[in-house]
Amino acid sequence: GAGVSQTPSNKVTEKGKYVELRCDPISGHTALYWYRQSLGQGPEFLIYFQGTGAADDSGLPNDRFFAVRPEGSVSTLKIQRTERGDSAVYLCASSPGGPDNYNEQFFGPGTRLTVL
Amino acid sequence: QQPVQSPQAVILREGEDAVINCSSSKALYSVHWYRQKHGEAPVFLMILLKGGEQKGHEKISASFNEKKQQSSLYLTASQLSYSGTYFCGTEGDSNYQLIWGAGTKLIIKP
C-alpha cells in the first residue's frame, strides 16, 4: 500500500523567501507529525495533529513556522521569511491514532530544504 | 530533555552481537526504536510501553527498565542489512510527542 509521501523531495530557496512543504499521510491515519532533522542528529519535534487540529505546536521554533491540516489528511508546513538556519530535512510521519494504537509512526522520505 | 544514547558508534563483523542503550532523566511512558539508513526515512523497529507491553519485529529484541528510565536494543547475529543509525524516541505522559536521541551509528563489516 501507499506510504507517507512528501513533496517536494528537495527545495532550494533564497533567504527571505516563503516555502510550503507538503505531506500526504497513509490513508486513514488520524495522527500526523512534522519533524526537522539536521545532519547527524535525531528528528526534532515540530508539531502534532490529531485530525484537523494541531494538538501540540510547542516544537515550532518561532512564528515564521506554521502548519495546517484542513481536512484531516494532507498537511502543509509553511515557513515565512526563510533563514539559512532553517536548512534541514523536514520529515513527516503519520500514525493510526486511537486508544489501542502504540503510536507507531510511519515516516515519509522527507523534504531537504536548503536556504541560500 | 533529550535522551542519551550509547555508544555513539559501533563497528561489528557480520554475525557479532551489539547492544544499544537509551537513557532518560524523566519518567517515561514508552520508548520507541527506529533505524535510519543514509538518505532514507526512519523505519520502525520496536515500541516498549510502561507496564511491559511491547510491539516490534520478530528479529529485534529490547528491554525497558521503567525505574531507571532506560532501554536497551539487542542486535544478535548481525547482518549487513543492520547497518544504519539507530534512534530511540522517548514518550512521557503526553502519549504522542517523541523526544529523540542523537542516534547510534552501527557499521557492519563482512
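Our subject in this report is the structure included herewith. Everything quoted here is computed from the prediction, not taken from an experiment. (Residues numbered from 1 in each chain as written. Chains lettered and ligands numbered in written order. Predicted model: local features only at pLDDT ≥ 70, side-chain atom pairs only at ≥ 80, totals over all residues. Heavy atoms only, no water.)

**Here's the deal with the interface of chain B and chain A**
Here is step 1 of the chain: The interface of chain B with chain A comprises 20 residues on the first partner and 20 residues on the second.
Here is step 2 of the chain: In this structure, B:Lys55 engages A:Glu104 in a salt bridge whose closest nitrogen and oxygen atoms are separated by 3.0 Å.
Here is step 3 of the chain: Taken together, the connections running from chain B to chain A amount to four residue pairs in polar contact (both at pLDDT 80 or more). (Contact = heavy atoms within 4.5 Å. Salt bridge = Lys/Arg side-chain N within 4 Å of Asp/Glu carboxyl O. Polar contact = N/O pair within 3.5 Å; in protein donor to acceptor, adjacent residues only side chain to side chain.)

**Points about the sheet that holds strand E1 (residues 5–7) of chain A**
Residues and elements named next belong to chain A.
Here is step 1 of the chain: Taken in spatial order, the four strands make up an open sheet running E1-E3-E8-E7, and their pairing is antiparallel. Whereas interior strands pair on both sides, the edge strands pair on one side only; in this sheet they are E1 and strand E7 (65–68). Strand-to-strand twist of the sheet, defined as the mean angle between neighbouring strand axes without regard to direction, takes the value 15 degrees.
Here is step 2 of the chain: With four bridges connecting them, E7 and strand E8 (residues 75–79) associate as antiparallel partners. (Pairing = 2+ DSSP bridges. Helix = DSSP H or I, 4+ residues; strand = E, 2+ residues; numbered from the N terminus. Axes fitted to C-alpha atoms, helices over the stretch in contact; angles between N-to-C directions.)

**Looking at the layout of surface pockets**
Here is step 1 of the chain: In this structure, the largest pocket occupies an estimated 710 Å³ of space.
Here is step 2 of the chain: Lining the largest pocket are 30 residues, with A:Leu39, A:Gly40, B:Gln36, B:His38 and B:Gly39 positioned closest to its centre.
Here is step 3 of the chain: Secondary-structure elements contributing two or more residues to the lining of the largest pocket are strand E9 (88–95) and strand E11 (111–115) of chain A together with strand E9 (84–91) and strand E11 (104–109) of chain B.
Here is step 4 of the chain: In terms of residues, the lining of the largest pocket owes the most to one element, E11(B), which gives four residues.
Here is step 5 of the chain: Each residue belonging to the lining of the largest pocket can be placed in one class, and the counts come to ten nonpolar, 16 polar and four charged. (1 Å grid on protein atoms, 1.4 Å probe; cavity = no way out; pocket = protein on both sides within 12 Å on 5 of 7 lines; lining within 4 Å. Points joined across faces, edges and corners; volume = space filled by probe spheres on them. Nonpolar A, V, L, I, M, F, W, Y, C, P; charged D, E, K, R; others polar.)

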